[in-house]
Amino acid sequence: MPPVSARLPVFPWDRLEPYKATAAAHPDGIVDLSVGTPVDPVPELIRTALTSAADSPGYPTVWGTAALRDALTGWVERRLGATGVDHTQVLPVVGSKELVASLPTQLGIGPGDRVAFPRLAYPTYEVGARLAGAEPVPYDEPTELDPAGLKLLWLNSPSNPTGRVLDKDELRTAVAWARAHGVLLASDECYLELGWDADPVSVLHPEVSGGSFEGLVAVHSLSKRSNLAGYRAAFLAGDAAVLGELLQIRKHGGMMVPAPVQAATVAALGDDAHVAEQRERYARRRAELREALEGCGFRIEHSEASLYLWATRDEPCWDTVGALAELGILVAPGDFYGVAGERNVRVAFTATDERVAAAVQRLGGGLPRR
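The rules behind these values
- Residues numbered from 1 in each chain as written.
- Predicted model: local features only at pLDDT ≥ 70, side-chain atom pairs only at ≥ 80, totals over all residues.
- Heavy atoms only, no water.
- 1 Å grid on protein atoms, 1.4 Å probe; cavity = no way out; pocket = protein on both sides within 12 Å on 5 of 7 lines; lining within 4 Å.
- Points joined across faces, edges and corners; volume = space filled by probe spheres on them.
- Helix = DSSP H or I, 4+ residues; strand = E, 2+ residues; numbered from the N terminus.
- Nonpolar A, V, L, I, M, F, W, Y, C, P; charged D, E, K, R; others polar.
- Salt bridge = Lys/Arg side-chain N within 4 Å of Asp/Glu carboxyl O.
- Buried < 20%, exposed > 50% of the residue type's maximum accessible area, 1.4 Å probe, protein only.
- Contact = heavy atoms within 4.5 Å.
- Phe/Tyr/Trp six-rings, centres within 6.5 Å; stacked < 30°, edge-to-face > 60°.
- Pairing = 2+ DSSP bridges.
- Axes fitted to C-alpha atoms, helices over the stretch in contact; angles between N-to-C directions.

### As for the layout of surface pockets
In this structure, the largest pocket encloses a volume near 1,200 Å³. If you trace the largest pocket, you find 45 residues lining it, with Trp 13, Lys 97, Tyr 122, Pro 123 and Thr 124 closest to the centre. Counting residues per element, the ones that place at least two in the lining of the largest pocket are α4 (96–106), β3 (114–118), α5 (124–132) and β4 (135–139). Counting residues per element, the lining of the largest pocket draws most heavily on α5, which supplies five residues. Looking at the lining of the largest pocket, its residues break down into 26 nonpolar, nine polar and ten charged.

Put into structure tokens, the structure is as follows:
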């Protein structure tokens with residue numbers, strides 16, 4: 001039997017290791033702006049909730065506690081603008097990446113089926129299709145897809161890597177097209193609370209969904225907005241029939257969010273102050289890095305939301321990665337996200353204030369000639 005890993009592309013981040021070594025050799029140390037992992041402290045109220053629930057010897061439920069489901073439905077109504085959301089329309093998951101990678105398999109999608117995702121995209125959409133044995137189909141515009149055999153359509157707004165935001169008209173058009181062709185639409189909205197030059201909207205907003213969650217699933221994560229990447233706290237909201245089926249599958253698979261993490265999620269979703277504080281940190285770092293990049297010849301494209309600047313010097317992305325590595329700055333090459341990104345780099349602004357200041361200082365001297 002051939003290994004399942006044979007279906008998958010080479011893990012992209014392994015290709016960055018030589019450049020990471022170059023950046024790490026800088027006398028003042030590396031400034032890692034590649035992965036986009038949170039570096040700021042977990043808010044105190046969340047840590048308190050986690051530790052208070054540490055004495056949890058029994059198995060947690062896959063569906064989560066009633067308190068967690070209340071927190072999820074309340075947040076979906078308050079933050080996404082949906083109305084009348086009930087417990088059947090939410091489902092906690094063990095991190096959003098696990099969900100993205102396994103959703104086609106959990107939905108019963110397989111050989112002969114097709115899964116579509118943006119041409120410039122988080123690579124795990126393609127991984128999920130390949131793990132299920134389905135055909136991965138990148139698109140430029142979802143409504144231009146051939147619906148034959150298409151079982152799952154991914155949207156991603158705000159986008160990783162570009163930071164592009166789909167407006168209500170674009171979202172409505174995609175929703176109407178998917179419903180007309182009987183295609184499940186999954187919207188990855190993990191950066192929705194991090195809009196800068198645009199106000200991201202969920203597919204579950206009544207002006208997009210028409211007040212119905214039929215055929216729609218939205219993916220949300222607490223990794224970025226609450227610095228909980230290490231907690232693996234995420235959830236789905238949407239079509240009760242789809243989530244009910246996933247709940248049954250996940251019960252059989254024992255896919256349970258740990259009880260202390262469930263308690264921490266309740267605390268995180270009930271507090272907006274820490275989200276605003278973290279946004280202020282990111283806004284400051286974003287402004288400083290953008291000015292420094294533009295000052296040494298970069299053009300910033302899209303980037304109206306999310307935690308990244310989508311930057312280009314109109315050259316092959318690996319040339320840019322190499323030049324920045326010589327300054328001790330590590331960024332992600334755009335072709336990690338598809339061949340359409342081969343002349344861009346993704347620059348995260350999740351480093352500490354001190355490391356961002358170091359990057360700004362180094363960029364002030366310009367990039368080395370190559």
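Resuming the write-up.
### Section: the pattern of salt bridges
Counted under the stated rule, the structure contains 24 salt bridges. The shortest N-O distance in the salt bridge between Arg 225 and Glu 193 comes to 2.7 Å. Residue Arg 225 is located in the loop between β7 (216–221) and β8 (234–238), and its partner Glu 193 is located in the loop between β6 (184–188) and α7 (206–209); the two are separated by 32 residues in the primary sequence. You'll find Arg 225 and Glu 193 in the same group, each marked buried. Among the salt bridges present, the one from Arg 313 reaches Glu 315, with a minimum N-O distance of 2.9 Å. Among the residues examined, Arg 313 registers a relative accessible area of 24% and is labelled partly exposed. When salt bridges that share partners are traced, they join Asp 28, Glu 354, Arg 355 and Arg 362 into one network.

### Details of the side chain of Asn 160
By the secondary structure assignment, Asn 160 is in the loop between β5 (150–156) and α6 (168–180). Leave out the neighbours within four places in its chain, and Asn 160 touches Ala 121, Tyr 122, Tyr 191, Tyr 308, Tyr 337 and Arg 346.

### Overview of α4
Of all the eleven residues making up α4, eight are buried; the element is thus mostly covered by neighbouring parts of the structure. Within α4 the residues assigned to the buried category are Ser 96, Leu 99, Val 100, Ala 101, Ser 102, Leu 103, Pro 104 and Gln 106. Phi turns positive one or two residues past the end of α4, at Gly 108, with a value near 85°.

### Some thoughts on the environment of Glu 17
Mapping Glu 17 onto the fold places it in helix α1 (residues 17–24). On the accessibility criterion, Glu 17 (45% relative accessible area) is partly exposed. Sequence separation between Glu 17 and Leu 330 is 313 residues, and the spatial gap between their C-alpha atoms is 10.0 Å.

### Examining the packing of aromatic side chains
Note on aromatic pairs: each is described by the distance of the centres and the angle between the planes. Following the criterion strictly, the structure yields ten aromatic pairs and no others. Consider the rings of Trp 13 and Phe 336, whose centres lie 5.0 Å apart with planes at 80°: the pair is edge-to-face. Note that Trp 13 is positioned in the segment before α1 and Phe 336 in the loop between β12 (332–333) and β13 (345–348), a separation of 323 residues in sequence. According to the relative accessible area criterion, Phe 336 is buried, its value standing at 7%. Taking 6.2 Å as the distance between ring centres and 70° as the angle between the ring planes, the aromatic pair formed by Tyr 282 and Phe 349 counts as edge-to-face.

### With respect to the sheet that holds strand β10 (residues 308–312)
Strand order in the open sheet made by the four strands is β9-β10-β13-β12, with antiparallel pairing throughout. Each edge of the sheet is formed by a strand with only one pairing partner; in this case those strands are β9 (299–301) and β12. With four bridges connecting them, β10 and β13 associate as antiparallel partners. In the strand pairing of β13, Trp 310 is matched with Arg 346. Against the sheet, helix α10 (residues 273–295) contacts β9, β10 and β13, and its axis sits at roughly 5° relative to β10.

### What about the environment of Thr 65?
For Thr 65, the position within the fold is in the loop between α2 (44–52) and α3 (66–80). In this structure the C-alpha to C-alpha distance between Thr 65 and Ala 276, which are 211 residues apart in sequence, comes to 27 Å.

### Describing the pairing of β10
β10 sits mainly inside the fold: five of its five residues count as buried. The alternating pattern of β10 places Tyr 308, Trp 310 and Thr 312 on one face and Leu 309 and Ala 311 on the opposite face, and all of these are buried. The pairing of β9 with β10 spans three bridges and is antiparallel. Among the inter-strand pairings, Glu 301 is bridged to a residue of β10, identified as Trp 310. Following β9, the chain reverses through six residues before pairing antiparallel with β10; His 302 in that reversal takes a positive phi of roughly 50°.

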